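Summary of the model geometry
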Amino acid sequence: MGCLCQQIAGDDIELSPTCIGSLWIFEKLAPEDVQALAKKALRKKLKKGEKVFMQGDSADEVFLIKGGRIKLTKVLENGTELLLDLRKSGDFVGENMFSEEGEYPVSAVCLEDTLTCGFTRSQFEELVLKHPTVGLQVIKTLSERISWLTTRVGNLAVTNIEDRLYRVLSNVAKEHGAQSPKGVVIQFPLTHEDLSFLTGAHRVSITRAMKALKEAGKIILEGKRLILPALNIA
């Protein structure tokens with residue numbers, strides 16, 4: 001009999017080998033504690049388009065994306081929805097549970113059929129009391145997340161829109177792409193509005209930059225598929 005995640009996912013969701021019990025925050029735990037945690041984990045199977053949580057919901061649960069892909073969005077006061085980040089199988093969502101903010105500042109929406117495996121705030125607080133090293137691991141990894149965000153801001157500092165856009169597309173492709181004979185394929189559509197936010201540029205500028213990158217042979221557009229021929233992640 002396979003693990004519970006595999007039983008719930010069935011044959012239609014490809015699962016990450018990462019288990020909730022083997023994540024960075026639990027690497028110092030005794031095997032029996034890891035096993036108990038994995039057994040208590042809350043598993044949810046969601047369809048493409050379903051929300052894991054909504055902006056403004058109480059931040060009382062954190063999730064491992066065991067299989068599938070999730071986008072993080074934020075709605076501004078004027079109703080504009082912004083794409084903030086993309087998370088793949090093996091990534092975490094809901095880190096705000098580790099803070100005292102109380103609410104999720106973003107919404108998490110499934111880009112494809114997804115299986116999450118998570119635990120609640122009360123479970124986490126009980127673990128930290130028993131195992132202080134768990135709290136230290138959270139601090140360490142959140143610091144690494146800050147470094148990642150610093151790199152992202154550095155990409156936005158590139159003045160040439162075409163170079164900036166290509167860097168963003170390359171990062172997305174490395175994180176979420178699949179190798180093909182023509183290059184790396186980004187496996188879901190990105191609108192010009194999405195790319196506008198990710199690059200910090202106006203939508204009209206994105207349209208022009210996409211055209212220039214296509215003419216230069218740096219990207220290939222096949223319907224809704226976007227391919228970066230010079231990139232290789234195999």
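Going along each chain's sequence as written, the residues are numbered from 1 onward. Given that the model is predicted, a residue must reach a pLDDT of at least 70 before its local features are reported, and side-chain atom pairs must reach 80 or more before they are shown or counted; all residues, however, enter totals for whole chains, interfaces and linings. Hydrogens and water molecules were not included; the side-chain quantities draw on all heavy atoms of the structure.

Glancing now at the overall build of the chain. Each helix and strand counted, the chain has 7 helices and 12 strands in total. Summary of the burial criterion: residues with accessible area below 20% of their type's maximum are buried, those above 50% are exposed, and those between are partly exposed, where the area comes from a 1.4 Å probe applied to protein chains only. The proportion of buried residues among the 234 residues of the chain is 42%. Any two residues having at least one pair of non-hydrogen atoms within 4.5 Å are treated as being in contact. Taking contacts inside the chain between residues at least 6 apart in sequence as the whole, the part at least 24 apart equals 71%. Using a 1.4 Å probe, accessible areas were evaluated by the Shrake-Rupley method; residue-level cover was limited to the displayed protein chains. For the chain, the accessible area works out to roughly 12700 Å², and carbon and sulfur atoms hold 54% of it. The way it works is that DSSP assigns letters per residue, a run of H or I at least four long becomes a helix, a run of E at least two long becomes a strand, and they are numbered from the N terminus.

To continue, consider the sheet that holds strand β12 (residues 225–228). Strands qualify as paired when DSSP identifies two bridges or more between them. Spatially, 4 strands are ordered β9-β10-β12-β11 in an open sheet, and the strand pairing comes out antiparallel. In this open sheet, the two strands that pair with only one neighbour each are β9 (177–180) and β11 (220–222). Adjacent strand axes in the sheet meet at a mean angle of 30 degrees when their direction is disregarded. The sheet contact formed by β11 and β12 spans 3 bridges and is antiparallel. What sits directly across from Ile220, in β12, is Ile227. Fitting a line to C-alpha atoms yields each axis, with helices limited to the stretch in contact; the angle taken between N-to-C directions then spans 0 to 180 degrees.

Next up on the list: the state of the cysteines. Formally, a disulfide is one covalent bond, and it connects the sulfur atom of one cysteine to the sulfur atom of another. Throughout, disulfides are identified as pairs of cysteine sulfur atoms within 2.5 Å of each other. All chains considered together, the criterion is met by 0 disulfides. Here Cys19 stays unpaired: no disulfide links it, and the sulfur of Cys117, its closest cysteine neighbor, is 6.3 Å away.

On to the nonpolar core, then. Ranked by size, the top nonpolar core spans 23 residues in total, and within it Leu165, Leu169, Ile186, Leu190, Met210 and Leu228 carry the most contacts. Listed in part, the 20 residues of the second largest apolar core include Phe26, Val62, Leu64 and Phe124. Put simply, buried Ala, Val, Leu, Ile, Met, Phe, Trp, Tyr and Cys residues joined by side-chain atoms within 4.5 Å make one nonpolar core.

Tracing the chain through its elements places Tyr104 in the loop between β6 (92–93) and β7 (107–110). The buried category is assigned to Tyr104, whose relative accessible area is 4%. Distance from Tyr104 to Gln55, taken between C-alpha atoms, is 5.3 Å for residues 49 residues apart in sequence.

On the basis of which strands lie adjacent, the open sheet formed by 4 strands has the order β1-β8-β3-β6 and antiparallel pairing. Looking at the sheet topology across the chains shown, the edges are occupied by β1 (42–46) and β6. Here strand β3 (residues 61–67) runs beside β6; their pairing, made up of 2 bridges, is antiparallel. Directly across from Leu64, in β6, lies its bridge partner Phe92.

That is the geometry; function is a separate question.
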